[in-house]
Structures are given as C-alpha cells and as structure tokens.
Amino acid sequence: MTVRQEIGALVVDTRTNKLGRVMGRVGIYVQLRAPGGGREWDADPAHLRPANEAERRRATVMEGSLVRRVPS
C-alpha cells in the first residue's frame, strides 16, 4: 500500500498498531512520533496505512491536551 509519507502526515504503523505523525526519513525507514509527543520510532513504509477519521480526531484531542499542559 502506498501511503502519503510527507512530513506531518498522520499514519498508523500496522506492526505496532501505533498512531504517529511523520517526522522524517532515515534510510529506508520513516520516523514517526505519537501525536501527544514522546520518543520517535522507525517504521517500515510497507507497514504504514493512512489514519482513518476516528484516528485523526483522536490525534487532534491528544495534541490539544498537550497544548493545554504547556505553560504559556
């Protein structure tokens, strides 16, 4: 399956069933980070699929929670 792997794209790593934003590429791997933050992980592009609507909404909530936690 061909998945949009541009920086910022929201995808699911089907090997780990984790939702992540594309942060970049290193060699053949795509680097992902969870929408709420955390450590990046490398994913095989062959095991990525686009996030569905429910997953995109969940990411929006996770990212919104992060913004509210950061003091201004």
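What this report covers is the structure whose coordinates are included nearby. Nothing here was measured: the structure is a model prediction, and the numbers come from that model.

Some remarks on the pairing of strand β2 (residues 18-26)
Remark: a regular strand shows side chains that alternate across the two faces of the sheet.
Line of reasoning, step 1. In this structure, strand β1 (residues 10-13) lies alongside β2, joined through four bridges in antiparallel fashion. Paired with Val11 across the bridge in β2 is Gly20.
Line of reasoning, step 2. As consecutive antiparallel partners, β1 and β2 are separated by four residues, and within that stretch Asn17 has a phi angle of approximately 60°, a positive value.
Line of reasoning, step 3. From the end of β2 to the start of strand β3 (residues 29-33), which pair antiparallel, there are two residues, and Gly27 there has a positive phi angle of about 60°.

A look at the pattern of salt bridges
Line of reasoning, step 1. This model, assessed by the stated rule, comprises five salt bridges.
Line of reasoning, step 2. Glu40 is the partner of Arg33 in a salt bridge, and the nearest nitrogen-oxygen pair spans 2.9 Å.
Line of reasoning, step 3. According to the relative accessible area criterion, Arg33 is partly exposed, its value standing at 30%.
Line of reasoning, step 4. Residues Glu53 and Arg57 are paired through a salt bridge, measuring 3.7 Å at the closest nitrogen-oxygen approach. Of this pair, Glu53 and Arg57 both sit in helix α1 (residues 53-69), four residues apart, which is roughly one turn of that helix.
Line of reasoning, step 5. Relative accessible area serves as the criterion here: at 41%, Glu53 is assigned to the partly exposed category.
Line of reasoning, step 6. According to the relative accessible area criterion, Arg57 is exposed, its value standing at 52%.
Line of reasoning, step 7. Overlapping salt bridges, with partners in common, bring together Glu53, Arg56 and Arg57 in one network.

Parameters at a glance
- Residues numbered from 1 in each chain as written.
- Predicted model: local features only at pLDDT ≥ 70, side-chain atom pairs only at ≥ 80, totals over all residues.
- Heavy atoms only, no water.
- Pairing = 2+ DSSP bridges.
- Helix = DSSP H or I, 4+ residues; strand = E, 2+ residues; numbered from the N terminus.
- Salt bridge = Lys/Arg side-chain N within 4 Å of Asp/Glu carboxyl O.
- Buried < 20%, exposed > 50% of the residue type's maximum accessible area, 1.4 Å probe, protein only.

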